[in-house]
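# Fold and contact review
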Amino acid sequence: MAAVENAYLMQFVDETSFYNRIVLSHLLPANLWEPLPHFPQTWLRNFLAGTLLYFISGFLWCFYIYYLKINVYLPKDAIPTMKAMRLQMFVAMKSMPWYTLLPTVSEYMIEHGWTKCYSRLGEFGWILYFVYIAIYLVFVEFGIYWMHRELHDIKPLYKLLHATHHIYNKQNTLSPFAGLAFHPVDGILQAIPHVIALFIVPIHFTTHIGLLFIEAIWTANIHDCIHGNIWPIMGAGYHTIHHTTYKHNYGHYTIWMDWMFGSLKDPLLEEDDNKDGSKKAK
């Protein structure tokens, strides 16, 4: 029985080793990473992959909305300054080694059989695969909502941790690079529901890793100040209100948690209110 379990857990180790080789062999000389134990290799892979994803997605998105589509999505005076974006990159890169420690630890726990993670898609079938992803995402949405809300409501936590992110509180200071510009503990706290979910919901290993890295792309998207208006997605229009009011739209992927718990503010309704206010002032 133990031999069967060990053989099963080795599938996770083999998979993470495969990912390590793919990333590290293309970015570093072999003598720098091959002698390292498995855990530091995995962390180095996550750090390099996370850094590349952050800069590539951020630069491409900024190039598209601030250069190719200038004055289409945002007026010129709403484009953040280079100084603001450089500061965001600096804060994000100071925290990146710590952010990427979280998926490394989660992979360690998975490899040792401490979670409900499974290795092969065929173990549960496609229907349950999607059912479990849906449950996983609902749990993550709930967890991130309350973690984010408490980082605002508990004033010492806000002052010590979350205030670092909220120095970007106007349209012309927010950019895709602000998506990971957090105090490292803040970033880890908001991502930790992904890890807690592993102990509650059976989730496919590669899917879990993919969802963690999709976070980097998603957080870039919701800080670009462009309101996509796709119900029920918690797009940048909602999140910009969060940055300007500090007390609405704590959700992550969707507006449902804010709707359920009374913290939702619709950007289109706010726009109408602002127009009405301007007319009255005239």
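Residues numbered from 1 in each chain as written. Predicted model: local features only at pLDDT ≥ 70, side-chain atom pairs only at ≥ 80, totals over all residues. Heavy atoms only, no water.

In the nomenclature of an unreviewed UniProt entry, the chain corresponds to Delta(7)-sterol-C5(6)-desaturase 1 isoform X1 from the organism Camelina sativa. What UniProt states about the chain under its Subcellular location (unreviewed entry) heading is, verbatim, "Membrane". Per UniProt, the chain has the following entry under Sequence similarities (unreviewed entry): "Belongs to the sterol desaturase family." (UniProt positions renumbered as here; feature names shortened; annotations may be inferred.)

It is worth spelling out the nonpolar core at this point. Core analysis: the biggest nonpolar cluster contains 28 residues, and Tyr54, Tyr66 and Leu180 have the highest contact counts within it. Tyr54 has contacts with Gln88, Met89, Ala92, Met93, Met96, Phe177 and Leu180, leaving out every residue within four places of it along the chain. Core analysis: the next-biggest nonpolar cluster, separate from the first, contains 20 residues, Leu9, Cys117, Tyr129 and Ile203 among them. (Core = buried A, V, L, I, M, F, W, Y, C linked by side-chain atoms within 4.5 Å. Buried < 20%, exposed > 50% of the residue type's maximum accessible area, 1.4 Å probe, protein only. Contact = heavy atoms within 4.5 Å.)

Once that is clear, we can look at the side chain of Thr100. Within the secondary structure, Thr100 is located in the loop between α4 (82-99) and α5 (101-111). Side chain to side chain, Thr100 and Trp43 meet in a polar contact 3.5 Å long. Of note is the side chain of Thr100, whose polar atom sits 3.3 Å from the backbone oxygen of Pro97. (Helix = DSSP H or I, 4+ residues; strand = E, 2+ residues; numbered from the N terminus. Polar contact = N/O pair within 3.5 Å; in protein donor to acceptor, adjacent residues only side chain to side chain.)

Each packed pair of helices is defined by two parameters, the angle between the axes and the distance between the axes. The contact between helix α1 (residues 2-27) and helix α3 (residues 38-68) brings their axes to 9 Å, and the two run at 55°. Regarding the angle of α1 to α3, the classification is oblique. Considering how the two elements wind past one another, α1 and α3 form a crossing that is left-handed. The segment α1 lies against α3, with Val13, Thr16, Ser17, Tyr19, Asn20, Val23, Leu24 and Leu27 engaging His38, Gln41, Thr42, Leu44, Arg45, Leu48 and Leu52. Split by residue class, the contact of α1 with α3 holds eight nonpolar, six polar and one charged. (Axes fitted to C-alpha atoms, helices over the stretch in contact; angles between N-to-C directions. Parallel < 35°, antiparallel > 145°, perpendicular 65-115°, else oblique. Left-handed = near helix turned anticlockwise from the far one by under 90°. Nonpolar A, V, L, I, M, F, W, Y, C, P; charged D, E, K, R; others polar.)

The terminal C-alpha atoms of helix α8 (residues 184-196) lie 18 Å apart, and with 13 residues this matches the ideal 18 Å at 1.5 Å per residue to within 8%. Roughly 35° is the biggest bend found in α8, and it falls at Gln190, with proline Pro193 one to four residues downstream. Along α8, the residues that are buried comprise Asp186, Gly187, Gln190, Ala191, Pro193, His194 and Val195. Those residues of α8 that are buried lie in contact with α4, α5, α6 (126-153) and α9 (205-221). (Expected span 1.5 Å × (residues − 1). Bend = angle between axes of the 7 residues up to and from the residue.)

This part is about the UniProt feature "transmembrane region" (unreviewed entry) in the chain. Mapped onto the present numbering, the UniProt feature "transmembrane region" (unreviewed entry) falls at residues 47-67 and 126-147. In residues 47-67, the share of helix is 100% and the share of strand is 0%. The end C-alpha atoms are 29 Å apart. With 100% helix and 0% strand, residues 126-147 has its two end C-alpha atoms placed 31 Å apart.

On average, residues of the chain score 89 in pLDDT, and 95% of them are at 70 or above. Taken together, the stretch residues 272-282 has pLDDT below 50 and engages in zero contacts with residues farther than four places along the chain or on a different chain. (pLDDT = per-residue confidence, 0-100.)

Enumeration according to the criterion identifies three salt bridges in this entry. The residue Glu15 makes a salt bridge to Arg120 at a minimum N-O spacing of 3.8 Å. Linking Glu15 in helix α1 with Arg120 in the loop between α5 and α6, this pair joins segments that are 105 residues apart in sequence. With relative accessibility at 42%, the residue Arg120 sits in the partly exposed group. Two residues, Arg149 and Asp153, come together in a salt bridge whose shortest N-O distance is 3.7 Å. Pair noted here: Arg149 and Asp153 are both in helix α6, with a separation of four residues, about one helical turn. (Salt bridge = Lys/Arg side-chain N within 4 Å of Asp/Glu carboxyl O.)

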